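# Commentary on secondary and tertiary structure
Here is how the chains run, residue by residue.
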Amino acid sequence: MPTDDEVVETASAAAEDVVFSRYDVGAVEDLDVTVTFEDSVLDVDVYVNAPDSRQDEAQVADDAALAARAAVDDLFEE
């Protein structure tokens, strides 16, 4: 069973990986990944501000949050 810290770190890393797979680091003016895991409930919130990119920031944030949840699911399956 993974620890709460492992869950949060795994989710955060997965979300950041998605964001930076879509944007160059220099294109991202602001990135906020908030992950909580309390009482076996995972909450992931991702905010991306990359105004000079053609990518839809809201879609990238949603994809990053989904990837974070999937990574945590995989962590519990190990």
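Structure: see above.
Definitions and limits used
- Residues numbered from 1 in each chain as written.
- Predicted model: local features only at pLDDT ≥ 70, side-chain atom pairs only at ≥ 80, totals over all residues.
- Heavy atoms only, no water.
- Phe/Tyr/Trp six-rings, centres within 6.5 Å; stacked < 30°, edge-to-face > 60°.
- Helix = DSSP H or I, 4+ residues; strand = E, 2+ residues; numbered from the N terminus.
- Buried < 20%, exposed > 50% of the residue type's maximum accessible area, 1.4 Å probe, protein only.
- Expected span 1.5 Å × (residues − 1).
- Arc of directions from axis to C-beta.
- Contact = heavy atoms within 4.5 Å.
- Pairing = 2+ DSSP bridges.

With that settled, consider the packing of aromatic side chains. Under the definition given, this model contains 1 aromatic pair. Taking 6.0 Å as the distance between ring centres and 45 degrees as the angle between the ring planes, the aromatic pair formed by Phe 37 and Phe 76 counts as tilted. Here Phe 37 is found in strand β1 (residues 30-38), whereas its partner Phe 76 is found in helix α2 (residues 57-77), with 39 residues between them in sequence. Exposure remark for Phe 37: the relative accessible area of 11% places this residue in the buried category. Overall, Phe 76 belongs to the partly exposed group, its relative accessible area being 35%.

The next subject is helix α1 (residues 4-22). Every α-helix carries 3.6 residues per turn, so stepping three or four residues along brings you back to the same face. With 19 residues, α1 ought to run about 27 Å at 1.5 Å a step, and its terminal C-alpha atoms sit 28 Å apart, in line with that. Inspection of α1 places Val 7, Ala 11, Ser 12, Ala 14, Ala 15, Val 18 and Val 19 among the buried residues, and these make up the whole buried set. Viewed along the axis of α1, the buried residues span an arc of 160 degrees, placing them on a single side of the element. More than 90 degrees from the buried face of α1, the exposed residues found are Asp 5, Glu 9, Asp 17 and Ser 21. Of the surrounding secondary structure, the elements contacted by the buried residues of α1 are β1, β2 (41-49) and α2.

Another point: the pairing of β1. For a regular strand, side chains alternate in direction, first toward one face of the sheet and then toward the other. In terms of strand pairing, β1 meets β2 through 9 bridges, oriented antiparallel. Bridge pairing in β2 links Val 35 to Val 44. The turn linking β1 back onto β2 is made up of 2 residues, and Asp 39 within it adopts a positive phi angle of 55 degrees.

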